[in-house]
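Working through the structure, step by step
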Amino acid sequence: MRPGQLYVLVSASAAPLLLLLLLLLVLSEPSQTSACNKALCASDVSKCLIQELCQCRPSDGNCSCCKECMLCLGTLWEECCDCVGMCNPKNYSDTPATSKSTVEELHRPIPSLFRALTEGDAPINMMVVSFPVAEELSHHENLVSLLETLEDQHQNMSIPGNSIHARYDTHENMCTVVYFDDCVSIRQCKLYCESMGGSKYRWFHNACCQCIGPECLDYGSKAVKCMNCLF
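The following paragraphs examine the structure supplied in this document. Because the structure is predicted, anything quoted here is derived from the model rather than measured.

**Observations regarding the nonpolar core**
By size, the foremost hydrophobic cluster in this structure holds 50 residues, and its most contacted members are Val45, Leu73, Met86, Val177, Trp203, Cys209 and Cys211. Contributing elements (two or more residues each) for this core: α3 (38-50), α4 (66-73), α5 (77-80), β2 (126-132), β4 (174-180), α9 (186-195), β5 (200-204) and β6 (209-212). Counting contributing residues per domain, this core is built from domain 1 (38-83) and domain 2 (97-141 + 172-212), each supplying no fewer than three. Each residue touching Val177, except ones within four places of it in the same chain, is listed here: Phe114, Met127, Val128, Val129, Phe131, Gln210, Cys211, Ile212, Cys216 and Gly220.

**Side note on α3**
In this model, α3 (13 residues) spans 17 Å end to end at C-alpha, consistent with the 18 Å of a helix rising 1.5 Å per residue. The largest bend in α3 is about 30°, located at Asp44. When α3 is considered as a whole, its buried residues turn out to be Leu40, Cys41, Asp44, Val45, Ser46, Cys48 and Leu49. Directly after α3, the chain includes Glu52, whose backbone phi takes a positive value near 55°.

**So, the pairing of strand β1 (residues 101-105)**
With respect to burial, β1 is a largely interior element, 4 of its 5 residues being buried. For β1 and β5, the ladder comprises 5 bridges, and the chain directions are antiparallel. Each residue of the ladder has a partner; that of Val103, found in β5, is Arg202.

**Some details on the state of the cysteines**
Within this structure, the stated rule accounts for 11 disulfides. Disulfide partner of Cys81: Cys87, at an S-S distance of 1.9 Å. Measuring handedness by torsion sign, the sulfur bridge of Cys81 and Cys87 sits at about 85° and is right-handed. Between Cys183 and Cys229 runs a disulfide, and the two sulfur atoms are separated by 2.0 Å. Measuring the twist about the S-S bond at about 105°, one finds the Cys183-Cys229 disulfide to be right-handed. Here Cys183, found in the loop between β4 and α9, pairs with Cys229, found in the segment after β6; they are 46 residues apart in sequence, far enough to count as distant. On the accessibility criterion, Cys183 (40% relative accessible area) is partly exposed. Judged by relative accessible area, which is 2%, Cys229 ranks as buried.

**Overview of unusual backbone geometry**
The backbone phi angle of Asn125 is positive, close to 70°, even though this residue is not glycine. Inspection of the secondary structure puts Asn125 in the loop between α6 (111-118) and β2. Look at Ala207: it is not a glycine, yet its phi comes out positive at around 85°. As for its position among the elements, Ala207 is in the loop between β5 and β6. Judged by its relative accessible area of 4%, Ala207 is buried.

**Section: the environment of Asp182**
The topology assignment puts Asp182 in the loop between β4 and α9. Accessibility expressed as a relative area gives 39% for Asp182, which makes it partly exposed. Taking the C-alpha atoms as reference, Asp182 lies 5.5 Å from Cys229; in sequence the two are 47 residues apart. Setting aside anything within four residues of it in sequence, one finds Asp182 in contact with Ala207, Asn228 and Cys229. At a separation of 2.7 Å, a polar atom in the side chain of Asp182 contacts the side chain of Asn228.

Analysis parameters
- Residues numbered from 1 in each chain as written.
- Predicted model: local features only at pLDDT ≥ 70, side-chain atom pairs only at ≥ 80, totals over all residues.
- Heavy atoms only, no water.
- Core = buried A, V, L, I, M, F, W, Y, C linked by side-chain atoms within 4.5 Å.
- Buried < 20%, exposed > 50% of the residue type's maximum accessible area, 1.4 Å probe, protein only.
- Helix = DSSP H or I, 4+ residues; strand = E, 2+ residues; numbered from the N terminus.
- Domains from an automatic or database assignment.
- Contact = heavy atoms within 4.5 Å.
- Expected span 1.5 Å × (residues − 1).
- Bend = angle between axes of the 7 residues up to and from the residue.
- Pairing = 2+ DSSP bridges.
- Disulfide = S-S within 2.5 Å.
- Polar contact = N/O pair within 3.5 Å; in protein donor to acceptor, adjacent residues only side chain to side chain.

Below, the structure written as structure tokens:
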């Protein structure tokens, strides 16, 4: 074997280790990631670093890769941009992740499936919570909503207003939601809630996922109750 061939083999075998070291360096660098949500962002950040999509530094006047990096991080951009040095570190003491959430309606809910899965004993790794619809509607907050984004892009779309609430007896009906015990990504949250036949989902920015049942008129509960994902 020629020396050149040996060098290629060694480099290829060392590539995963070098990428891992690069990821650890980025996630631990105080100047860029003092507030980085490592538990939530590590997987997506590593993917974008491997693809070399977040290598430029806006703070130095170089934003040549900013758009590509934003597209790579997708819905996690807001929470993870500081992990790759694209934005200023967040002050989570002022705006805790549990006070912010993203919501979306699911287009093909299966109410009978959701009711069947939430009746009786809760499935493993889940918590089923029911409360009066009146309690659900008493909470009004600023949501980072995918529906609002879609409405901005397509003016012919509209978000149902609160007037629909008057058609129901909010004191009698119960809103049932499901919390997953562990932290999940927003993509997993949507997939899990679709697989349960849910009508909507709420994904808290600490990675707690809530699937919302058909009787709920708004977006479920604003309380974070994921057993292993509370902070």
